[in-house]
Amino acid sequence: MSMTLDSKGPANSAVKDATDASFMADVIEASKETPVIVDFWAPWCGPCRQLGPAIEKVVKEQQGKVRLVKINIDENPTYAGQLRVQSIPAVFAFVDGRPVDGFMGALPESQIRQFVGRLGKMGGLAEQIASALAMARAAVAQKEYETALDITGQILQADPTQAEAYALQAQALMDSNELETAAATLAAVPADKANDPLIVSAKASLDLLMNPVDTSGLATLEAAVAANPADFASRLELAVLYNGAGRRADATDQLIAIIRKDRGWNDEAARKQLVQFFEAWGPKDEYTLQGRRKLSSVLFA
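(A) Here's a closer look at the packing of aromatic side chains. All told, the structure shown has seven aromatic pairs when counted by the stated rule. Geometrically, the ring pair formed by Phe23 and Tyr79 is stacked, given 4.0 Å between the ring centres and 10 degrees between the ring planes. Here Tyr79 lies in helix α3 (residues 78-82) and Phe23 lies in helix α1 (residues 23-29), a separation of 56 residues in the sequence. The exposure class of Tyr79 is buried, given its relative accessible area of 17%. Ring geometry for Phe278 and Trp281: centres 6.1 Å apart, planes at 65 degrees, overall edge-to-face.

(B) Region of interest: the side chain of Ser201. By the element assignment, Ser201 lies in helix α8 (residues 197-210). Contact partners of Ser201, with chain neighbours within four places excluded, come to Glu279, Ala280, Trp281 and Gly282.

(C) Representation of the pairing of strand β5 (residues 98-104) within the structure. By the bridge criterion, six bridges tie strand β4 (residues 90-95) to β5 in an arrangement that is antiparallel. Following the sheet pairing, Ala90 is matched in β5 by Met104. Where β4 folds back on β5, the antiparallel hairpin that results is connected by two residues, among which Asp96 adopts a positive phi of roughly 55 degrees.

(D) Region of interest: the nonpolar core. Among the nonpolar cores identified, the biggest contains 27 residues, and Leu133, Ile155, Met174, Leu186, Ile199 and Leu206 are the most heavily contacted of them. When contributions to this core are tallied by element, the ones reaching two or more residues are α4 (109-141), α5 (145-158), α6 (163-175), α7 (179-187) and α8. Ranked by residues supplied to this core, first place goes to α6 with nine residues. For Leu133, the residues in contact, after removing those within four places along its chain, are Ile155, Gln162, Glu164, Ala165 and Leu168. Residues Leu218, Tyr242, Leu274 and Leu295 belong to the second largest nonpolar core, which totals 23 residues.

(E) Focus on α7. Among the residues making up α7, those that are buried are Leu179, Ala182, Thr185 and Leu186. Projected down its long axis, α7 carries its buried residues within an arc of 115 degrees, all on one side. Residues of α7 that are exposed and angled more than 90 degrees away from the buried face: Glu180 and Ala187. Where α7 is buried, its residues meet α6 and α8.

About the criteria used
Residues numbered from 1 in each chain as written. Predicted model: local features only at pLDDT ≥ 70, side-chain atom pairs only at ≥ 80, totals over all residues. Heavy atoms only, no water. Phe/Tyr/Trp six-rings, centres within 6.5 Å; stacked < 30°, edge-to-face > 60°. Helix = DSSP H or I, 4+ residues; strand = E, 2+ residues; numbered from the N terminus. Buried < 20%, exposed > 50% of the residue type's maximum accessible area, 1.4 Å probe, protein only. Contact = heavy atoms within 4.5 Å. Pairing = 2+ DSSP bridges. Core = buried A, V, L, I, M, F, W, Y, C linked by side-chain atoms within 4.5 Å. Arc of directions from axis to C-beta.

It is worth stressing that arrangement in space is one thing and function is another; only the former is reported here.
In structure tokens form, the structure reads like this:
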């Protein structure tokens, strides 16, 4: 399957007032879907009254490709301070949760239009990448690995910082038994994305495939636990072997059994091992979700 990433595509637009309390939702999270312009202003600021209507007009012309958030710094000084705003009006553009552009002072409408137009194109590409990631996820789930590799390759060509694209590409390669190529994909992940949960999970899966657990002792451990349910050491070892054999639900149940009987055993070894499993399986894995619910029901019962 072939696809092209470009900067075209509609998005929901809005012009709204925000506060320090709503900044994370209205700016950081919202900019992961659509570019957000933040206008820091104050009622006493003459240039702010000049810039405000002009930037609102231009943003509305973008027909949803960009959002505008207005913040009164007299009432909401926190993020203005963090962004080191020293004079107003101060305008910042956010894409994918990060500030990417900005200016201070009242600009003429032509320059505002150039600023907003550049941002709209960045948002169009972000939308295309989000759509492509969804397609890649579906391709991996449906075992259409060539399609997944094609899509993730194009995503990473357009934006080599997309952690999920690396993780999906590595998963498709692992499922195709191309372990060395999967390792090369994960080795190419930028350093600032190395601790992303999806990357950590992919690396753990690859390590398991390249260093398989010897499961020949399963029967012995199962017999030991059946003979003595309080043999927590055998339960813990059994859980590790179950995980190595791909039996995630069984691995979870063995550790939950220990936690239910004696949470503090061996410096909470069972809980710590279960959390390591969750990290390796990934935050969206069905067994991680089920296991977290079971763990919560035990810990907070």
